[in-house]
Amino acid sequence: MKITVIGGTGLIGSKLVNSLRNLGHDVLAASPNSGVNTITGEGLDQALENVDVVVDVANSPSFADDEVMKFFKISGTNLIAAEKDAGIKHHIALSVVGTERLQESGYFRAKQVQEDLIKESGIPYTIVHSTQFFEFVGGIVHSSTADHKIVVSPALIQPIASDDVVKAMTDVTINSPKNTTVEIGGPEKIRLNDLVRKYTSIMKNQDEVVTSPAATYFGAPLNDSTLVPNNDAKLGSIRYDEWIANPENQR
C-alpha cells in the first residue's frame with residue numbers, strides 16, 4: 001500500500017513509518033519539517049497523491065485551550081477535505097482512552113472535535129484510543145508540580161509503551177477500516193500516584209508526591225474508570241517496571 005503518516009517525524013510517527021516500511025509498504029513521513037502542513041495546507045494535496053491510507057498521529061504544538069482547539073479543528077478539516085479529493089480509502093487517527101470522559105479539559109475537548117470530524121466525514125475510518133504512553137509520565141509530573149510538590153490523583157491508569165502503540169497502529173493500518181473506535185492499553189493497571197512515585201524514584205526527583213483525590217488530570221477530574229480502557233481493549237506486553245529500568249528510557 002501507499003501510506004501517508006501525518007506527524008510522521010514524532011515519537012509514534014517515526015516508529016510507525018519504520019514499522020510499515022519494514023513490511024514493504026510505500027510510506028511518506030509527512031510533517032511541517034518535510035513540507036506538509038495540515039494547518040496551512042502546504043504540500044497536503046501532493047502528500048496524498050495516489051495514497052491508499054492516511055494515518056494521523058500529529059499532536060498540537062501547544063496545549064493551551066484555544067490553541068489546541070484551533071489546531072485539531074483546522075488540521076482535521078483541511079486533512080479530510082484533501083482526503084476526499086484524493087479518494088483516500090482509510091483514515092486512521094490516534095486518540096486517547098477516556099477522551100469522552102475528560103471533557104472538562106481543553107485538550108480533550110479538542111480531541112473530541114477531531115474525532116467527530118472523522119466520524120462525520122464519510123471516509124472509512126478507524127480511531128485508535130490509546131492509554132497514556134510511558135514516555136509521557138514525565139509530562140504528567142511536570143504539569144502536576146508546584147512549589148516542589150507533585151499533586152496527583154490515586155485514580156487507576158493503564159499506561160502503554162510507545163513500541164506497543166506502534167505494533168497496534170501497524171496492525172490497524174494494514175487491515176480494513178473498522179468504522180469505529182478501538183482501544184489499546186498497557187498490560188497492567190496502576191494507581192497514578194504510584195506510577196509517579198516509580199518515575200520520581202528512578203529519576204531521583206526530590207519533589208514530594210502528594211496524593212489527592214481532588215487532583216485533576218490536565219484540568220479534568222478522575223475516577224478509577226476514566227483513564228483505563230474497556231475489557232475488550234488490545235493490551236501491550238511491555239511492563240512499566242522493565243521499561244523504566246532501561247537507562248535509555250530515563251531521559
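Throughout this document, residue positions are counted from 1 along each chain, in the order its sequence is written. This being a predicted model, a pLDDT of at least 70 is required before a residue's local features are given, and a value of 80 or more before pairs of side-chain atoms are given or counted; all residues contribute to the totals for chains, interfaces and linings. Side-chain metrics in this entry use all non-hydrogen atoms of the structure; hydrogen atoms and water are not considered.

### Focus on the overall build of the chain
Reasoning step 1: The secondary structure listing takes helices from DSSP runs of H or I that are at least 4 residues long and strands from runs of E that are at least 2 residues long, numbered from the N terminus. Check the secondary structure of the chain and you find eight helices and twelve strands.
Reasoning step 2: For the chain, the C-alpha atoms occupy an extent of roughly 55 × 35 × 35 Å along the three principal directions.
Reasoning step 3: Relative accessibility thresholds used throughout: buried, under 20% of the residue-type maximum; exposed, over 50%; partly exposed, between the two (1.4 Å probe, protein chains only). Going through the 251 residues of the chain one by one, you find that 49% of them count as buried.
Reasoning step 4: A separation of at least 24 residues holds for 83% of the contacts in the chain among residues at least 6 apart in sequence.
Reasoning step 5: Counting rule applied: Lys, Arg positive; Asp, Glu negative; His and chain ends not counted. The location of each charge is read from NZ of Lys, CZ of Arg, CG of Asp or CD of Glu. Computed over 22 positive and 31 negative side-chain charges, the inter-centroid distance for the chain is 3 Å. The contact definition used throughout considers only heavy atoms, calling two residues in contact when any of these lie within 4.5 Å.

### Some details on unusual backbone geometry
Reasoning step 1: For Asn50, which is not glycine, the phi dihedral falls at a positive 60 degrees.
Reasoning step 2: Relative to the elements of secondary structure, Asn50 occurs in the loop between helix H2 (44–47) and strand E3 (53–56).

### Section: the packing of helix H1 (residues 11–22) against helix H6 (residues 162–173)
How two helices sit against one another is set out by the angle between their axes and by the gap between those axes.
Reasoning step 1: The geometry of H1 relative to H6 is characterised by a closest axis approach of 9 Å and an angle of 50 degrees between their N-to-C directions. In terms of their interaxial angle, H1 and H6 are classed as oblique. Considering only the axes of H1 and H6, their crossing is right-handed. Here Leu11, Ile12, Lys15, Leu16, Ser19 and Leu20 of H1 come into contact with H6, specifically with Ser162, Asp163, Val165, Val166, Met169, Thr170 and Thr173.
Reasoning step 2: Of the residues belonging to the contact of H1 with H6, the class tally is seven nonpolar, four polar and two charged. Note on method: axes are straight lines fitted to C-alpha atoms, helices fitted across the in-contact stretch only, with angles between N-to-C directions ranging 0 to 180 degrees. What sets the label is the angle itself: under 35 degrees gives roughly parallel, over 145 gives roughly antiparallel, 65 to 115 gives roughly perpendicular, and the rest give oblique. Handedness of a crossing follows from how the near helix is turned relative to the far one, being left-handed for an anticlockwise turn of less than a right angle and right-handed for a clockwise one. In this classification, Asp, Glu, Lys and Arg are treated as charged, Ala, Val, Leu, Ile, Met, Phe, Trp, Tyr, Cys and Pro as nonpolar, and every other residue, Gly included, as polar.

### Points about the pairing of strand E1 (residues 2–6)
Reasoning step 1: Counted residue by residue, E1 has four buried out of five residues, so it is predominantly covered.
Reasoning step 2: In short, DSSP must find at least two bridges between two strands for them to pair. Direction of pairing for E1 relative to strand E2 (residues 26–30): parallel, over a ladder of five bridges. Counted as the bridge partner of Ile3 is Val27 from E2.
Reasoning step 3: What joins E1 to E2 is H1, and the crossover it makes is right-handed.
Reasoning step 4: Pairing of E1 with E3 involves four bridges; the strand directions are parallel. Note on E3: the bridge partner recorded for Val5 is Val55. A clockwise course of the path from the first strand over the helix to the second, judged with the strands pointing away from the viewer, identifies a crossover as right-handed.

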